[in-house]
Amino acid sequence: MKKLTLLFVLLLFASSISAQTKIDQDREAIKALAGFYKVTFNYAETFSPDDDYKFHERHRSSAKEIAIILEDSPKKIVIQHLLVMRGDSMVIKHWREDWTYEDTQILAYDKDNAWKKVTLSVNDVKGKWTQKVFQVDDSPRYQAIGTWVHVDGRHQWQSNTDSPLPRRENTERNDYNVLNRGNNLYLTANGWMFEQDNKKIIRSESGDKLLAMEKGMEEFIKTDPKSFGYAQTWWKQKQAFWKDARETWDVVFAETNYLKLVPKVDDKLLYEQFFTLEDQSAKENWSSAKNKENIKKVIDSYLAKAS
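Read on for a plain summary of the structure. What you see is a predicted model; the values in this text were computed from it and never measured.

## Concerning the pattern of salt bridges
Then, in step 1: The tally for this structure, following the rule as stated, stands at 30 salt bridges.
Then, in step 2: Between Lys-111 and Glu-205 there is a salt bridge whose closest N-O contact spans 3.9 Å. Of this pair, Lys-111 sits in the loop between strand S5 (105-109) and strand S6 (114-119) while Glu-205 sits in the loop between strand S12 (191-204) and strand S13 (207-222); the two residues are 94 residues apart in sequence, bridging distant segments of the chain.
Then, in step 3: Judged by its relative accessible area of 17%, Lys-111 is buried.
Then, in step 4: You can call Glu-205 exposed: its relative accessible area is 76%.
Then, in step 5: Taking the shortest distance from any N to any O, the salt bridge between Lys-238 and Glu-278 comes out at 3.6 Å. A residue pair is termed long-range when its members are at least 10 positions apart, and Lys-238 in helix H4 (residues 229-255) and Glu-278 in helix H5 (residues 270-284) qualify at 40 residues. Take Lys-238 and Glu-278: they sit in the same class, and that class is buried.

## Description of H5
Then, in step 1: Taking 1.5 Å of rise per residue, the 15 residues of H5 would be expected to cover 21 Å, and the 21 Å separating its terminal C-alpha atoms lies within 8% of that figure.
Then, in step 2: Three or more residues of H5 are buried, namely Leu-270, Gln-273, Phe-274, Leu-277, Glu-278 and Ser-281. All buried residues of H5 lie within an arc of 140 degrees about the axis, which places them on one face of the element. Exposed residues lying more than 90 degrees from the buried face of H5 are Ala-282 and Lys-283.
Then, in step 3: The inward-facing, buried residues of H5 contact H4, strand S14 (258-261), strand S15 (264-265), strand S16 (268-269) and helix H6 (288-302).
Then, in step 4: With its phi angle positive at about 55 degrees, Asn-285 sits one or two positions after the end of H5.

About the cut-offs
- Residues numbered from 1 in each chain as written.
- Predicted model: local features only at pLDDT ≥ 70, side-chain atom pairs only at ≥ 80, totals over all residues.
- Heavy atoms only, no water.
- Salt bridge = Lys/Arg side-chain N within 4 Å of Asp/Glu carboxyl O.
- Helix = DSSP H or I, 4+ residues; strand = E, 2+ residues; numbered from the N terminus.
- Buried < 20%, exposed > 50% of the residue type's maximum accessible area, 1.4 Å probe, protein only.
- Expected span 1.5 Å × (residues − 1).
- Arc of directions from axis to C-beta.
- Contact = heavy atoms within 4.5 Å.

Structure representation (structure tokens):
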């Protein structure tokens, strides 16, 4: 009996050590996404069930990008991406990714710029990380759940989720309204790769119809940090405002089960309003409370009620 008890304790201990090691590996892989990069974007439509469908031209572009860790706690890692242009003389706040561990609550994209809050079971999220991706104005984009796998020197995370149209097509196309994303993210010897197998979906009350499929490859290649000096200084000057923006959005997310945003108010996109607020806050040296007050007013003006 004593031997069995000892064996049971040893097995529990070994399991605990193994689990902790796995979480540590996950966290290190996520944090490895931060850094200084040259990014190449390549997308091509590959298939359509409609023989008469005309494939759109391939999309190719490149940019410099810095990804900064804003929060690093045991079960949450926040990374902010900044686009760096014209050498190192122009910076644009880009997308943000929040990684949360065993998170039972997500915002699932529906269609027409609307998201529904979904509560998952503990078993559904056991050992898994959610990647929550946000727009340049910190409004939601998509949230996906997957398991990090570390085997044979390969560190990989896969997921599948719905999202709005990608920014590269949002203003150019209206022949589909949902992008079903097959995300495959893995570390490489010189950075990381974001490989995608996407489905362009027409979603209506009668269901989903596949318009076309697409292959995407976004390669993040490490580059010299010295060429990002201005970008780092720029972010230090702006980060307080955007911290207030994140915290304001968090309150909005907590208070609603259905979030729908109208495209424009006073003929302005949401991010345009945010960038205007950011400039005004800097010029007039607003307090955190005033930042949040004005940010909340802007968000409220774009919120639509559930139909």
